[in-house]
Amino acid sequence: MSESESGKRRLTRSPNYPSIDLARAIDRVRTLYSSERQHAMPALQAVRHWGYSSLNSPGGGQLAALARFGLLDDEGTKDERKVRVTDLAVKILEHPDPEEREVATRHAALLPSVHQDMWNKYGSALPSEDNLRWFLTRERGFSQNGATDFIREYRATIDFAKLNSQHPDAAAMSAEDPRDDHESAPATSGPTAPREGRPPAINAPVVTGPPPGQAPPISFPLASGKLVSVSGLSDLTESDWAQFIAVLTALKPSLVRSPGEVRDAAHHE
């Protein structure tokens with residue numbers, strides 16, 4: 001095979017993404033949890049719980065998907081490979097507070113790195129499928145089939161996790177600034193009224209691409225439903241980290257409301 005032919009073949013291999021959406025992944029981990037609880041199990045035993053006889057089957061890809069969603073810990077290789085149901089999965093399956101289960105579900109939905117990239121770029125206001133496919137194949141190295149499969153999985157996951165403007169997490173993903181072509185860090189704004197039958201449009205996320213050599217923003221949901229984004233945390237020294245924590249502590253009075261202020265705000269509303 002010539003070098004040019006080899007290069008073309010490599011271009012058709014899509015980046016890693018979950019082979020199943022989050023709803024199916026949770027069903028899969030529920031089966032494992034009901035049988036094995038949080039005990040480590042051989043990877044082969046895990047896929048046998050789903051009716052597969054080999055890791056060279058759809059079950060192998062589903063194990064990887066559960067790991068990407070943070071529902072399984074996966075360690076070892078070949079015959080020594082073992083998996084274990086995570087605390088995050090148990091929280092989604094069993095937490096007595098429905099809101100806590102929803103927060104954990106939204107967290108799992110954004111754990112795959114490719115999901116984080118898509119959420120930071122588009123939020124819940126996804127463009128058309130043709131537009132998404134063009135972006136994924138031209139700028140992210142997906143094959144045509146891979147892009148189609150990923151779009152289907154990603155849409156199903158964010159819908160299942162309620163990551164749209166009907167939920168406070170998604171309502172926070174809007175901004176006053178127009179979007180450009182760079183990756184973004186989300187900002188906050190008021191909720192957007194939903195439109196029946198399809199995810200409502202919201203403003204584009206803030207567009208602030210990371211400076212050269214700096215990691216992209218890290219976004220994660222809090223238990224309250226707010227979404228926090230932090231950037232520039234790569235390659236820090238102990239001194240950098242101590243200074244960062246000191247600055248956050250100094251800013252706390254201007255960022256955090258006291259219980260009394262929260263009650264007063266609720267009373268005036």
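Residues numbered from 1 in each chain as written. Predicted model: local features only at pLDDT ≥ 70, side-chain atom pairs only at ≥ 80, totals over all residues. Heavy atoms only, no water.

A closer look at the overall build of the protein chain
In terms of regular secondary structure, the protein chain is built from 12 helices and 5 strands. Sorting the 269 residues of the protein chain into buried and exposed places 38% on the buried side. Considering only contacts within the protein chain whose residues lie at least 6 apart along the sequence, 58% involve residues at least 24 apart. (Helix = DSSP H or I, 4+ residues; strand = E, 2+ residues; numbered from the N terminus. Buried < 20%, exposed > 50% of the residue type's maximum accessible area, 1.4 Å probe, protein only. Contact = heavy atoms within 4.5 Å.)

Quick notes on the packing of helix α8 (residues 129-139) against helix α9 (residues 144-160)
In contact at an axis separation of 9 Å, α8 and α9 are set at 120° when each is read in the N-to-C sense. Judged by the inter-axis angle, α8 sits oblique to α9. For the pair α8 and α9, the crossing hand works out as right-handed. Listed contacts from α9 to Glu 129, Leu 132, Arg 133, Leu 136 and Thr 137 of α8 are Gln 144, Ala 147, Thr 148, Phe 150, Ile 151 and Arg 155. (Axes fitted to C-alpha atoms, helices over the stretch in contact; angles between N-to-C directions. Parallel < 35°, antiparallel > 145°, perpendicular 65-115°, else oblique. Left-handed = near helix turned anticlockwise from the far one by under 90°.)

Digging into the layout of surface pockets
Of the voids in this model, the second largest pocket is the one considered here, and its volume is about 200 Å³. Every residue lining the second largest pocket is listed: Ile 26, Arg 30, Ile 92, Pro 98, Arg 101, Glu 102, Thr 105, Phe 160, Ala 161 and Lys 162. Looking at which element gives the most residues to the lining of the second largest pocket, the answer is helix α6 (residues 98-109), with 4 residues. A class-by-class count of the residues in the lining of the second largest pocket yields 5 nonpolar, 1 polar and 4 charged. (1 Å grid on protein atoms, 1.4 Å probe; cavity = no way out; pocket = protein on both sides within 12 Å on 5 of 7 lines; lining within 4 Å. Points joined across faces, edges and corners; volume = space filled by probe spheres on them. Nonpolar A, V, L, I, M, F, W, Y, C, P; charged D, E, K, R; others polar.)

Examining the packing of helix α7 (residues 113-122) against α8
When two helices pack together, their arrangement is given by the angle between the helix axes and by the axis-to-axis distance. In contact at an axis separation of 13 Å, α7 and α8 are set at 125° when each is read in the N-to-C sense. When the axis of α7 is compared with that of α8, the two are oblique. Where α7 crosses over α8, the handedness of that crossing is right-handed. Where α7 abuts α8, its residues Met 118, Lys 121 and Tyr 122 lie against Leu 132, Phe 135 and Leu 136. Residue classes in the contact of α7 with α8 are distributed as 5 nonpolar, no polar and 1 charged.

Here we look at the confidence of the model for the protein chain
Mean pLDDT over the protein chain works out to 76, with 62% of the residues at or above the 70 mark. Low confidence marks residues 1-11, where pLDDT is under 50. Its contacts with residues over four positions away, or in another chain, come to 3 contacts. The model gives residues 165-212 a pLDDT under 50, and that stretch makes 95 contacts with residues more than four places away or in other chains. (pLDDT = per-residue confidence, 0-100.)

A word on the nonpolar core
Residues Leu 66 and Leu 71 are the most contacted members of the largest nonpolar core, which totals 46 residues. The leading source of residues in this core is helix α2 (residues 22-36), at 6 residues. Filtering out sequence-adjacent residues up to four positions away, Leu 71 remains in contact with Leu 22, Ala 25, Ile 26, Val 29, Leu 66, Arg 84, Val 85, Thr 86, Ala 89 and Ile 92. (Core = buried A, V, L, I, M, F, W, Y, C linked by side-chain atoms within 4.5 Å.)

Comments concerning the packing of aromatic side chains
This structure, assessed with the given rule, holds 5 aromatic pairs. Taking the centre distance of 5.5 Å and the plane angle of 65° together, the rings of Tyr 17 and Phe 150 count as edge-to-face. Remark: Phe 150 occurs in helix α9 and Tyr 17 occurs in the loop between α1 (3-11) and α2; sequence separation between them is 133 residues. Note on Tyr 17: relative accessible area 18%, which makes it buried. Since its relative accessible area comes to 0%, Phe 150 is described here as buried. Between Tyr 122 and Phe 135, the ring centres sit 5.8 Å apart and the planes meet at 85°, which makes this aromatic pair edge-to-face. With Tyr 122 in helix α7 and Phe 135 in helix α8, the pair connects residues that are 13 residues apart, well separated along the chain. Phe 135 carries the same exposure label as Tyr 122, and that label is buried. An aromatic cluster of at least three residues, connected via ring pairs, comprises Tyr 17, Phe 142, Phe 150 and Tyr 154. Between the NZ or CZ atom of Lys 121 and the centre of the ring of Tyr 122, over which it lies, the distance is 5.5 Å. (Phe/Tyr/Trp six-rings, centres within 6.5 Å; stacked < 30°, edge-to-face > 60°. Lys NZ or Arg CZ within 6 Å of the ring centre and 35° of its normal.)

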